[in-house]
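# Per-entry structural report
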Amino acid sequence: MENQELKFKTNLNCGGCVSKVQSDLDNAEGICNWNVDTYNTDKILTVKSEGISEEEVVAIIKSKGFKVEALK
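In this report, the structure presented in the accompanying data block is examined.

What counts as what
- Residues numbered from 1 in each chain as written.
- Predicted model: local features only at pLDDT ≥ 70, side-chain atom pairs only at ≥ 80, totals over all residues.
- Heavy atoms only, no water.
- Helix = DSSP H or I, 4+ residues; strand = E, 2+ residues; numbered from the N terminus.
- Contact = heavy atoms within 4.5 Å.
- Buried < 20%, exposed > 50% of the residue type's maximum accessible area, 1.4 Å probe, protein only.
- Pairing = 2+ DSSP bridges.
- Core = buried A, V, L, I, M, F, W, Y, C linked by side-chain atoms within 4.5 Å.

Turning our attention to the environment of Leu45. Looking at the secondary structure, you find Leu45 in strand S3 (residues 44-49). Sequence-wise, Leu45 and Lys72 are 27 residues apart; in three dimensions their C-alpha atoms are separated by 13 Å. Ignoring sequence-local partners within four residues, the contact set of Leu45 consists of Leu6, Lys7, Phe8, Thr10, Leu25, Trp34, Asn35, Val36, Val57 and Ile61.

Dropping the structure here:
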């Protein structure tokens, strides 16, 4: 799978929310970098993928109790 930038609409509203998913995203195989724009109304999560799929990122965020949907 090629390296790509994946974007997701989330409900990660603040630093506390982001900290709840940080460890999982930091340790996920196939992610080289990620960040959440909490100032954007859609709380955009951007993931620089090195092989992780959209479905795998969605599963990580949902497992922590947050809403997430892939943006096309």
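Additional details are given in the paragraphs that follow.
Another aspect to go through is the pairing of S3. The side chains of a regular strand alternate between the sheet's two faces. Across the six residues of S3, five count as buried, placing the element largely inside the fold. Where strand S1 (residues 4-10) and S3 come together, six bridges link them in antiparallel fashion. When the sheet's bridge partners are listed, Lys9 is paired in S3 with Ile44. Bridge count between strand S2 (residues 31-37) and S3: six bridges; the pairing is antiparallel.

With that out of the way, let us pick up the side chain of Ser49. Here Ser49 shows up in strand S3. When neighbours within four sequence positions are excluded, Ser49 is seen to be in contact with Asn3, Gln4, Leu6 and Gly30.

What follows concerns the nonpolar core. In this structure, Phe8, Leu25, Trp34, Leu45, Val47, Val57 and Ile61 are the most contacted members of the largest nonpolar core, which totals 20 residues. Where this core is concerned, the elements lending two or more residues are S1, helix H1 (15-27), S2, S3 and helix H2 (54-63). Contacts of Phe8, omitting those with residues within four sequence positions, involve Lys43, Ile44, Leu45, Val47, Glu54, Val57, Val58, Val68, Glu69, Ala70 and Leu71.

Take it as geometry only, folks, not as evidence of what the structure does.
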